[in-house]
Amino acid sequence: MDVYLPIANLSVNGLVIVGLGALTGLLSGMFGVGGGFLTTPLLIFYGIPPTVAAASAASQVTGASVSGAFAHARRNGIDYHIGAVLVAGGVIGTGLGSLLFRLLQAWGQIDTVINILYVLLLGGIGGLMAHESLTALRAERTGIPLPARKRRHHPLVASLPLRWRFYRSGLYISPLAPLLLGMITGVLTMLMGIGGGFILVPAMLYILGMGVNVVVGTSLFQILFVTMTTTMMHALTTRAVDIVLAVLLLIGSVTGAQVGAQFAQKAKPEHLRLILAAVVLLVAMRMALGLGYRPDEIYTVIGL
Amino acid sequence: MMRVWALLACMLLLGARDPILVPEISQHEVQVRQGFTGADLLLFGAILSPEGSRAAQDYDIVVVLEGPVQSIVLREKQKIAGMWINADSTEFRSAPSYFAVSSSRPIADIVDDKTAAIYELGLKWLQLSPIGVIEPAEQQRFSAGLVDLMRREGLYREDQGGVKMSGQVLYHARIGLPSSVQTGTYTAETFAIRNGKVVASAITRVDVTKEGFERFVAVAAEDNGLLYGLFAVLVSVGMGWIAGRLFALV
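Residues numbered from 1 in each chain as written. Chains lettered and ligands numbered in written order. Predicted model: local features only at pLDDT ≥ 70, side-chain atom pairs only at ≥ 80, totals over all residues.

(A) Broad picture of the overall build of chain B. Helix and strand counts for chain B stand at six helices and 13 strands. Since a compact globule built from 250 residues should have a radius of gyration of about 18 Å, the 24 Å found for chain B marks it as more spread out than a globular shape. Across the 250 residues of chain B, 31% fall into the buried class. (Helix = DSSP H or I, 4+ residues; strand = E, 2+ residues; numbered from the N terminus. Rg over C-alpha atoms; globule rule 2.2 N^0.38 Å. Buried ≥ 20, exposed ≤ 12 C-beta atoms within 10 Å, placed from the backbone.)

(B) Representation of the overall build of chain A. Within chain A one finds 11 helices and five strands. Relative to its length of 304 residues, chain A is compact, with a C-alpha radius of gyration of 19 Å against a globular reference of 19 Å. For chain A, the C-alpha atoms occupy an extent of roughly 55 × 45 × 40 Å along the three principal directions. In chain A, which comprises 304 residues, the share counted as buried stands at 53%. Of all intrachain contacts in chain A linking residues separated by at least 6 positions in sequence, the fraction that spans at least 24 positions is 80%. (Contact = placed C-beta atoms within 7 Å.)

(C) Focus on the nonpolar core. Ranked by internal contacts, the top residues of the largest apolar core, which has 153 residues, are Leu5(A), Leu245(A), Leu248(A), Val62(B) and Val63(B). The greatest single-element share of this core, amounting to 13 residues, is contributed by helix α9 (residues 212-236) of chain A. A domain split of this core shows at least three residues from each of domain 1 (18-210) and domain 2 (211-250) of chain B. Residues in contact with Leu245(A), not counting those within four places in the same chain, are Leu5(A), Ala8(A), Ile17(A), Val52(A) and Ser56(A). (Core = buried A, V, L, I, M, F, W, Y, C linked by C-beta atoms within 7 Å. Domains from an automatic or database assignment.)

(D) Just the domain arrangement of chain B, in detail. Residue and element names in this part refer to chain B. Domain annotation for chain B reports domain 1 (18-210) and domain 2 (211-250). A C-alpha centroid distance of 39 Å is found between domain 1 and domain 2. Listed as interface residues are six residues of domain 1 and, on the opposing side, six residues of domain 2. Mapped by element, the contributors of at least two residues to the side of domain 1 that touches domain 2 are β2 (29-32) and β13 (197-210). Partitioning the side of domain 1 that touches domain 2 into residue classes produces one nonpolar, three polar and two charged. (Nonpolar A, V, L, I, M, F, W, Y, C, P; charged D, E, K, R; others polar.)

(E) Looking closely at the sheet that holds β13(B). Residue and element names in this part refer to chain B. With mixed pairing, six strands are arranged side by side in an open sheet as β2-β13-β12-β4-β7-β9. The open sheet is flanked by β2 and β9 (156-160), the only strands paired with a single partner. Each neighbouring strand pair of the sheet contributes to a mean axis angle of 15 degrees, computed without reference to strand direction. As defined by bridge partners, β2 adjoins β13 across four bridges and the pair is classed as parallel. (Pairing = 2+ DSSP bridges. Axes fitted to C-alpha atoms, helices over the stretch in contact; angles between N-to-C directions.)

(F) Geometry of the sheet that holds strand β10 (residues 163-166) of chain B. Residue and element names in this part refer to chain B. Spatially, the four strands line up as an open sheet ordered β1-β3-β11-β10, and their pairing is antiparallel. Of all strands in the sheet, those bounded by a partner on one side alone are β1 (20-25) and β10. Across this sheet, the average inter-strand angle for adjacent strands is 20 degrees, counted without regard to direction. Pairing between β1 and strand β3 (residues 39-48): six bridges, direction antiparallel. The residue of β3 that forms the bridge with Pro23 is Gly45.

(G) The interface of chain A and chain B, seen in detail. Contacts between chain A and chain B engage 44 residues on the former and 46 residues on the latter. A total of eight residues in the side of chain A that touches chain B trace back to one element, the largest contributor, which is helix α3 (residues 50-74) of chain A. Considered class by class, the residues forming the side of chain A that touches chain B number 24 nonpolar, 16 polar and four charged. The pairing of strand β5 (residues 299-303) of chain A with strand β5 (residues 69-80) of chain B spans five bridges and is classified as antiparallel. By the bridge assignment, Val301(A) is partnered in β5(B) with Leu74(B).

(H) Up close: α3(A). Residues and elements named next belong to chain A. Here α3 contains 25 residues, and its C-alpha end-to-end distance of 37 Å stays within 8% of the 36 Å for a straight helix at 1.5 Å per residue. The largest bend in α3 comes to about 30 degrees, at Ser65. Buried residues dominate α3, accounting for 20 of its 25 residues. Following α3 by one or two positions, Asn76 adopts a phi angle in the positive range, close to 60 degrees. (Expected span 1.5 Å × (residues − 1). Bend = angle between axes of the 7 residues up to and from the residue.)

(I) Representation of the environment of Pro178(B) within the structure. Counting through the fold element by element, Pro178(B) comes out in the loop between β11 (170-177) and β12 (184-194). Once residues within four sequence positions are removed from consideration, Pro178(B) is found in contact with Gly38(B), Gly154(B) and Leu155(B).

(J) Structural detail: the environment of Ala64(A). Following the sequence through the fold, Ala64(A) ends up in helix α3. Taking C-alpha positions, Ala64(A) is 9.6 Å from Gly21(A), a pair spaced 43 residues apart along the chain.

(K) Geometry of the UniProt feature "transmembrane region" (unreviewed entry) in chain A. All names here are of chain A. Here the UniProt-annotated "transmembrane region" (unreviewed entry) positions come out as residues 12-38, 44-70, 82-101, 113-131, 171-199, 205-228, 240-259 and 271-289. For residues 44-70, the end-to-end C-alpha separation is 31 Å, with 89% helix and 0% strand making up the annotated structure. Annotation note: span residues 171-199, helix share 69%, strand share 10%, distance between end C-alpha atoms 20 Å. (UniProt positions renumbered as here; feature names shortened; annotations may be inferred.)

(L) Broad picture of helix α11 (residues 269-292) of chain A. All names here are of chain A. Compared with the 34 Å implied by 1.5 Å per residue over 24 residues, the 34 Å span of α11 between its first and last C-alpha is a close match. All of the buried residues in α11 are Leu276, Ala277, Val280 and Ala284. Its buried side turned inward, α11 meets α1 (14-31), α5 (110-142) and α8 (197-208).

Have a look at this one:
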């Protein structure tokens, strides 16, 4: 099925794009991550211009996180207070990201920076997740329970000035910490077309020390708003949001997300996390190889 | 009637000794709509002797289809610290977004290098007008890199033997446009060559335009970013929400 993408200016096989969306949607439903970290690179491998890929992937993440966010809202799993701070940080972050995007584009290093960021972030987080789920599985097999982790925020967070009470999360910390965290994910969303869930969730747990029952919902809440801002930002600055591409991705990902959520209810969380870690590490490895091997195209053309 | 007068005018202008070239193209407008996967253009025409009868000798025909030119930055990756990253770059003021050359015989057999360079007959002879000072060797490397890249994307083509002649009068050549072509005015220039000299040339134009929904989207994204962005956000939120509701019913 040939579909012409009016902003990317080329014709693609629509079914391939829907399939791609379904694959990332499945992941997002299963693991509660946006799945943008897979969409953008896969779209680029498929031949979509990188800017269009990053700009359109953000709207797919919006779609995939909407139903999750609603579900968590219904069971009171969102801390709106800290969520609002995160979103505010995220909006500032997308603004900064957009400046950075243009700067790197003019400098000609946007692709390299995106690639290196992917390798570092995915490699680091994938490694952490793999380690964590393996220890959990081993503990289960040997029957020796892991020592319970004391829920406490990072000492650095405690040293920040100005403290607010966040009742739902059970925290009394400086709002600067979630603001900074939101900003970082905002920049990454703008640059990489990812939602940032796989950074946000561990950071909320281990750096802010938020309660487990509100982490996923609040992260989805933040992702929802930040990806919406990102789409707007791209629409206003790079003008690279391809609505046809976005709709094709959405068709796949919103259904995939629902199917994935059904799966997730049946599987063990440790197994899920191990699979996610493997997927993340694979993408990181592919990206690292891409940096080291001689690319197919030595030359790239950018309009002035 | 108009055409006859035009022909007569051509004869007068070109002088009595030059042959007459009447080029035509299968479509003067290519519309980029949903499902556009590229287009095949048929460039055809006739070559007549100055008297208006069938040409007495063989001519060689070369057709050049050129898309809108653009200013570009061409970046070159090099291996630095084990990674392939953009290192060197150069700017070209007039790189055609599309360039196709089709000839009745290999260009090298038809004209010498000088003539080929003057009329840009062949990808080797593209005049890209580099911006700023650049060494010839370096420029050569960059030009070759651009041509190679665009060739593999199907935007630059060279077909030696693509022009078919019949009865020393009619010629035709088929040139394909990929789906990734830019919109704008394309020029198709036809050259009649004999004994290594261009004896006649003529230009026709093709307009490539986005139409219908595609045009609407492209214009909206360019001129109305705010509304376009809001619409994209609404669509993604709406689709996610509807999917959630539908699956809740299952």
